[in-house]
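# Coordinate analysis (summary)
The lines below spell out each chain.
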Amino acid sequence: MPFRLALAALGITVLARLLWMLLTVNGMNLVDLHVYVDGSAALLTDHLYDFTYAEKTPDFPLPFTYPPFAAVVFFPLHFLPFTVVAVLWLFAIVAALYWVVRIAFELLLGPEALHEPRWRTAMVAWTAVGLWFEPVRTTIDYGQVNVFLMLGVMIAVRSTRWWLSGTLVGAVAGIKLTPAISGLYFLARRRWAAAVWSAVVFGATVAASFLINPEETRRYFGTLLGDADRIGPVGSVWNQSLRGALSRLLGSDVGTGPWWLAGVLVTAALGWFAWRALRRDDLLGTALIVQLFGLMISPISWSHHWGWLLPAVLWLLYGPYRAVPGAKILAGYWLLTTLIGAPWVLSFLQDSIWTISRWGVWSWLGAVDAIGVLTLYGWMIWAGRTVSRTATVPADLSHGPAPRPVP
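Residues numbered from 1 in each chain as written. Predicted model: local features only at pLDDT ≥ 70, side-chain atom pairs only at ≥ 80, totals over all residues. Heavy atoms only, no water.

## Here's the deal with the overall build of the chain
Our working definition: For helices the rule is a DSSP run of H or I covering at least 4 residues; for strands it is a run of E covering at least 2, with both sets numbered from the N terminus onward. A radius of gyration in this sense is built from C-alpha atoms; the matching globule rule multiplies 2.2 Å by the number of residues raised to 0.38. Partly exposed residues are those whose accessible area sits between 20% and 50% of the maximum for their type, while under 20% is buried and over 50% is exposed, using a 1.4 Å probe and protein chains only. Only the protein chains shown count as covering a residue, and every accessible area follows the Shrake-Rupley method with a 1.4 Å probe. Here the positive residues are Lys and Arg and the negative ones are Asp and Glu; neither His nor the chain ends is included. Lys charges are placed at NZ, Arg charges at CZ, Asp charges at CG and Glu charges at CD.
Within the chain, the secondary structure is distributed over 20 helices and two strands. A compact globule built from 407 residues should have a C-alpha radius of gyration of about 22 Å, and the chain, at 21 Å, falls within 12% of that. Buried residues in the chain amount to 56% of all 407 residues. Total accessible area computed for the chain in this model is approximately 17600 Å², and 70% of it derives from carbon and sulfur atoms. When the 27 basic and 21 acidic side-chain charges of the chain are each reduced to a single mean position, those positions are 14 Å apart.

## Section: helix 17 (residues 327-340)
Definition in use: For a helix, the expected span equals 1.5 Å multiplied by the number of residues minus one. Directions drawn from the helix axis to the C-beta atoms are what define this arc. In what follows, residue pairs with any heavy atoms lying within 4.5 Å of each other are defined as contacts.
Over its 14 residues, helix 17 extends 20 Å from the first C-alpha to the last, a length consistent with the 20 Å expected when each residue adds 1.5 Å. Of all the residues in helix 17, the buried ones are Ala327, Leu330, Ala331, Trp334, Thr337 and Thr338. Taken end-on, helix 17 shows its buried residues confined to a sector of 140°, consistent with a single buried face. Of the exposed residues in helix 17, those oriented more than 90 degrees away from the buried face are Lys328, Ile329 and Leu336. Buried-residue contacts for helix 17 involve helix 6 (134-142), helix 16 (309-318), helix 18 (342-347) and helix 20 (368-390). At the exit of helix 17 stands glycine 341, carrying a positive phi of roughly 85°.

## Quick look at the pattern of salt bridges
Pairing between side chains becomes possible if they bear opposite charge and their charged atoms approach one another. What counts is decided by this rule: Salt bridges are counted wherever a side-chain nitrogen of Lys or Arg sits within 4 Å of a carboxyl oxygen of Asp or Glu.
One pass over the structure, following the stated rule, counts eight salt bridges. For arginine 158, the salt bridge identified is with glutamate 106, shortest N-O distance 2.8 Å. In this pair, arginine 158 sits in helix 7 (residues 146-158) while glutamate 106 sits in helix 4 (residues 82-109), placing the two residues 52 residues apart along the sequence. For arginine 118, the salt bridge is made with glutamate 116, and the minimal N-O distance between the two is 3.7 Å.

## Digging into the environment of valine 124
For valine 124, the location among the structural elements is in helix 5 (residues 117-130). Taking the relative accessible area as the measure of exposure, valine 124 reaches 6% and is therefore buried. Residues valine 124 and valine 206, 82 residues apart in the sequence, show an inter-C-alpha distance of 38 Å. Other than its neighbours up to four places away in sequence, valine 124 contacts Phe3, Ala6, Leu7, Leu10 and Tyr98.

## Description of the packing of aromatic side chains
As a reminder, the rule being used: Between the rings of Phe, Tyr and Trp (Trp by its six-membered ring), a pair exists once the centres lie within 6.5 Å; its type follows the angle of the planes, with under 30 degrees stacked, over 60 edge-to-face, and the other angles tilted.
Applying the stated rule across the entire model yields 21 aromatic pairs. Ring geometry for tyrosine 36 and tyrosine 66: centres 5.4 Å apart, planes at 40°, overall tilted. Of this pair, tyrosine 36 sits in helix 2 (residues 31-40) while tyrosine 66 sits in the loop between strand 2 (62-63) and helix 3 (68-74), and the two are 30 residues apart along the sequence. Take tyrosine 36 and tyrosine 66: they sit in the same class, and that class is buried.

## Some details on the packing of helix 2 against helix 4
Packed helix pairs are specified by the crossing angle of their axes together with the interaxial distance, meaning the distance between the axes. Definition in use: Fitting a line to C-alpha atoms yields each axis, with helices limited to the stretch in contact; the angle taken between N-to-C directions then spans 0 to 180 degrees. An angle counts as roughly parallel when it lies under 35 degrees, as roughly antiparallel when it exceeds 145, as roughly perpendicular when it falls between 65 and 115, and as oblique in every other case. For a crossing to be left-handed, the near helix must be turned anticlockwise from the far one by less than a right angle; the clockwise case is right-handed.
For the pair helix 2 and helix 4, the least separation of the axes is 11 Å and the interaxial angle reads 125°. Relative to helix 4, the element helix 2 lies oblique. Read as a crossing pair, helix 2 and helix 4 show a hand that is right-handed. Contacts from Leu33, His34, Tyr36 and Val37 of helix 2 reach helix 4 at Phe82, Val85, Ala86 and Trp89.

## Concerning the packing of helix 15 (residues 283-297) against helix 16
For clarity, the cut-off: For this scheme, ten residues count as nonpolar: Ala, Val, Leu, Ile, Met, Phe, Trp, Tyr, Cys and Pro. Four count as charged, namely Asp, Glu, Lys and Arg, and the remainder, Gly too, count as polar.
The interhelical angle for the contact between helix 15 and helix 16, taken along N-to-C directions, is 145°, at an axis separation of 10 Å. Remark: the crossing between helix 15 and helix 16 carries left-handed chirality. Across the interface between the two elements, Leu284, Gly285, Leu288 and Leu292 of helix 15 pack against Leu309, Pro311, Ala312 and Trp315 of helix 16. Split by residue class, the contact of helix 15 with helix 16 holds seven nonpolar, one polar and no charged.

## Points about unusual backbone geometry
Positive phi values are uncommon outside glycine, yet leucine 30 reaches one of about 40°. Mapped onto the fold, leucine 30 is located in the loop between helix 1 (3-23) and helix 2. Positioned with a positive phi, arginine 190 is a non-glycine residue whose angle comes to about 60°. Mapped onto the elements of the fold, arginine 190 is located in the loop between helix 9 (182-188) and helix 10 (192-212). Residue arginine 190 is classed as exposed on the basis of its relative accessible area of 66%.

## A closer look at helix 1
Compared with an ideal rise of 1.5 Å per residue, which puts 21 residues at 30 Å, helix 1 spans 30 Å between its outermost C-alpha atoms and is within 8% of the ideal. Buried within helix 1 we find Ala6, Leu10, Thr13, Val14, Arg17, Leu18 and Met21. For helix 1, the angular spread of the buried residues around the axis is 130°, confining them to a single face. Summarising the geometry of helix 1, the exposed residues directed more than 90 degrees from the buried face are Arg4, Ile12 and Leu23.

## Side note on the nonpolar core
Worth spelling out the cut-off: Definition used in this section: a nonpolar core is a set of buried Ala, Val, Leu, Ile, Met, Phe, Trp, Tyr and Cys residues joined via side-chain atoms within 4.5 Å.
Phe64, Phe74, Phe105, Trp315 and Trp379 are the most contacted members of the largest nonpolar core, which totals 120 residues. When residues of this core are assigned to their parent elements, the largest contribution, 17 residues, is made by helix 4. The residues touching phenylalanine 74, leaving out its near neighbours within four places in the chain, are Tyr36, Ser40, Phe64, Tyr66, Trp89, Val145 and Ile175.

Here it is, written out as structure tokens:
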């Protein structure tokens, strides 16, 4: 694909999103961005966690569910007109997604490849495709923060500076707790300084929040933390976590009971062996194992949290195991389910976001992400052993390190 064509595809996609936002009835819904902007305005009061936004979501008034440090970060936004914030948010998401794709290519092919025309074209083209992924589409529709958090973690993975990596992970975990799973990546990589520093920085975000609003900080970390019911309906098809998938399959919320614990143990075991099967220098592959594990074990992983599926597709198509049978099939699976948006389609078939029980077929289709992660882990284990046995070198790409037997 010529670079100009890829750039045109990206430009048309961004323009379409902008026109949708500005000209359609629901284009400015951006319910989560409203929560960020309007909720953070209550930062200096004792009612930050009493705030709810219900104008566009009357069936479930949306509370401010993030740590108080997020309100500190978002606080300046409420001084700007909301339309200005919304447009800037859209362009910022596009820019952040491009850098996520760029860093993924750098980790897979090496920094020298970034200067070659074909890879520059590929980066722009995949950014355009990524904007149509359902997790990214809904991130834009809701005005969510997920792509920014993903970029912070990607830079942390790319960097060899412990203080930069730790600062980024600690800061984004202070904004939204889920990126804290990246500390597990540091530990598994034996990046002890980065792991410790990320915890220190996260602690600093809590301390800063306490200095600004001690009452609400105490309230969040004392009583609200871990309350999944406050975040949203566990059984809704929009919740693609392991708990959500199991709850829909079994017909009631499994909570953190034996079914969920068994699922976590299976996922952890597969993730562990998948990590061992990958090459030691496969930074993106090992980061994906950790991030997908975090999405699986979280009580609530909304479909827009799954932006990590875009780097996963890139890893399958351009990574060290790209020539192993099944890589392109798995990439096609993620492309199909994300471009169509399985949770989005199935959302029209649920009577209520609060109803857990589903017809069997819909329950299984609603578990596409959980099933995909378990399948991906299993394939990684098999692919690592296959490459170790055969020591074959893929010949389909001239750049990027070739797979070698795992020590």
